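Tertiary structure, described
These are the residues of each chain, in order.
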Amino acid sequence: MASAPEISAAVSPADELLEKASALTVQETTTTELPPHRSHDPQFNQKRTDPFQFGSRYLQEDDDVFEFNAWDHVETDDAYKEYAEQQFAMQRESPVSDFDKHRFNSDPAKWWNLFYKNNTANFFKNRKWLQQEFPILDKVTAEDAGPVTILEVGAGAGNTAFPILANNKNPKLKVHACDFSKKAVEVMRNHEEYNPDFMQADVWDAASEVLPPGLEENSVDVVLMIFIFSALSPKQWEQAVRNIYRVLKPGGEVCFRDYGRGDLAQVRFKKGRYLEENFYIRGDGTRVYFFEKDELAQIWSGTTLAPKDEAEGDETTSSSESETKQALFDIEELGVDRRMLVNRARRLKMYRCWLQGRFRKK
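A quick note: this is a predicted structure, and the numbers were derived from the prediction, not measured.

**Some thoughts on the overall build of the protein**
Within the protein one finds twelve helices and eleven strands. Looking at the protein residue by residue over its 362 residues, the buried ones come to 44%. Residue pairs in contact within the protein that sit at least 24 positions apart in sequence constitute 73% of those at least 6 positions apart. Accessible surface computed for the protein: about 19,700 Å², of which carbon and sulfur atoms make up 49%.

**Considering the confidence of the model for the protein**
On average, residues of the protein score 80 in pLDDT, and 69% of them are at 70 or above. Residue range residues 1-9 is modelled with pLDDT below 50. Its contacts to residues more than four positions away, or to other chains, number six contacts. Overall, residues 20-32 carries pLDDT values under 50, and its contacts beyond four positions in sequence, including any with other chains, amount to two contacts.

**Regarding the sheet that holds strand S9 (residues 287-289)**
If you trace the three strands from one edge of the open sheet to the other, you get S7-S8-S9, paired in antiparallel fashion. Single-partner strands in this sheet number two, and they are strand S7 (274-276) and S9. Recorded for the sheet is a direction-independent mean angle of 30° between the axes of neighbouring strands. In this structure, S7 lies alongside strand S8 (residues 279-281), joined through two bridges in antiparallel fashion. Across the sheet, tyrosine 274 pairs through a bridge with tyrosine 280, a residue of S8.

**Details of unusual backbone geometry**
One non-glycine residue, asparagine 218, adopts positive backbone phi at about 60°. Tracing the chain through its elements places asparagine 218 in the loop between strand S4 (199-203) and strand S5 (220-226). The partly exposed category is assigned to asparagine 218, whose relative accessible area is 39%. If you check the backbone angles, phenylalanine 227 has positive phi at about 55° while not being a glycine. Along the chain, phenylalanine 227 falls in the loop between S5 and helix H9 (237-247). On the accessibility criterion, phenylalanine 227 (24% relative accessible area) is partly exposed.

**Considering the packing of helix H4 (residues 108-119) against helix H8 (residues 182-189)**
Relative orientation of the contacting elements H4 and H8 amounts to 40°, with a least axis distance of 7 Å. One way to sum up the angle between H4 and H8 is to call them oblique. Contacts between H4 and H8 involve Asn113, Tyr116 and Lys117 from the first element and Lys182, Lys183 and Ala184 from the second.

**Here we look at the packing of aromatic side chains**
The tally for this structure, following the rule as stated, stands at 24 aromatic pairs. For the pair phenylalanine 229 and phenylalanine 256, a centre-to-centre distance of 5.9 Å together with 70° between the ring planes defines the contact as edge-to-face. Taken together, the residues span a long stretch of sequence, with phenylalanine 229 in the loop between S5 and H9 and phenylalanine 256 in strand S6 (residues 248-259) at a distance of 27 residues. As far as burial versus exposure is concerned, phenylalanine 229 and phenylalanine 256 are alike and both buried. The structure contains a cluster of three or more aromatic residues connected by ring pairs, namely Phe229, Trp237, Tyr245, Phe256, Phe279, Tyr289, Phe291, Trp300, Phe329 and Phe359.

**Side note on helix H11 (residues 293-301)**
The set of residues buried in H11 consists of Leu296, Ile299, Trp300 and Ser301. One or two positions beyond H11, positive phi appears at glycine 302, with a value near 70°.

Quick notes on the rules
- Residues numbered from 1 in each chain as written.
- Predicted model: local features only at pLDDT ≥ 70, side-chain atom pairs only at ≥ 80, totals over all residues.
- Heavy atoms only, no water.
- Helix = DSSP H or I, 4+ residues; strand = E, 2+ residues; numbered from the N terminus.
- Buried < 20%, exposed > 50% of the residue type's maximum accessible area, 1.4 Å probe, protein only.
- Contact = heavy atoms within 4.5 Å.
- Areas by Shrake-Rupley, 256 points an atom, 1.4 Å probe, with all protein chains shown as cover.
- pLDDT = per-residue confidence, 0-100.
- Pairing = 2+ DSSP bridges.
- Axes fitted to C-alpha atoms, helices over the stretch in contact; angles between N-to-C directions.
- Parallel < 35°, antiparallel > 145°, perpendicular 65-115°, else oblique.
- Phe/Tyr/Trp six-rings, centres within 6.5 Å; stacked < 30°, edge-to-face > 60°.

Quick look at the structure:
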């Protein structure tokens with residue numbers, strides 16, 4: 001900025017102070033010309049055009065990490081990586097006992113029933129971000145979308161289903177909200193916005209041998225799986241994916257979001273919570289798995305899976321040949337959403353990691 005002109009002796013101290021203040025005002029105005037994503041002003045909040053961009057507030061070298069509550073695309077620093085590996089080693093050395101492993105794995109619905117029983121009053125959280133992350137939900141809820149069937153797997157208290165219905169303009173939309181917790185289904189059916197004309201809540205285990213109540217093969221347009229796949233045992237993944245494949249129409253889409261390996265929730269686990277690699281028991285008895293990106297791609301592309309009737313119908317197929325199977329889904333998008341959340345009052349940094357994908361039935 002150009003220096004202010006010299007002030008003559010005739011200028012009073014008050015005028016001199018006023019002129020300096022004016023110069024400061026000019027400087028302050030220039031500092032507000034920030035990119036919208038770096039501004040604290042809510043008027044600059046912008047909707048992303050690419051849902052898998054996962055935000056645009058990048059942490060630069062000279063930034064004050066405690067200026068904002070969150071930063072996008074932040075890789076963990078060396079200190080955190082070292083701490084995480086120490087935690088993982090400790091967890092492996094102190095796994096869940098065989099007795100507790102059987103207790104928690106034999107009847108997972110029991111623990112989810114207790115969870116919803118104990119959290120009925122405060123569990124519901126409106127997932128208003130859904131249509132931002134999965135634009136297909138805007139499309140199928142449009143007034144002229146025509147007949148559309150959505151299946152939500154692991155619907156819980158309706159965190160996903162009810163926000164979709166609140167924004168729905170499609171008179172021919174039907175949401176099937178399923179959960180294997182009877183208590184969760186009871187919570188949804190008792191919700192003030194539950195309308196059987198547009199929503200059907202049922203008990204269903206995604207890893208069972210049957211399809212959801214009221215649904216047939218090739219009958220669903222969109223399947224939502226938001227923080228549900230992680231509740232399944234790795235031994236259940238194949239059956240769950242096969243069920244989703246069966247119920248979806250050809251070209252139908254899976255909208256997926258879940259926990260990624262290295263997430264703070266995983267690193268925080270103490271002794272006696274480790275079931276197997278990346279798979280844990282929470283304090284309330286519910287299970288959670290933390291995925292790698294490549295691992296999810298392999299699970300959902302289904303290169304090691306095949307439609308069950310085909311696998312059973314060919315008795316001549318050897319075990320080695322059966323390892324290479326028909327691909328079930330195209331991986332249209334699969335991204336890692338890394339964020340650093342900040343507690344500015346306590347000066348704490350918390351690294352979160354989620355995986356988000358869109359898978360289309362072949």
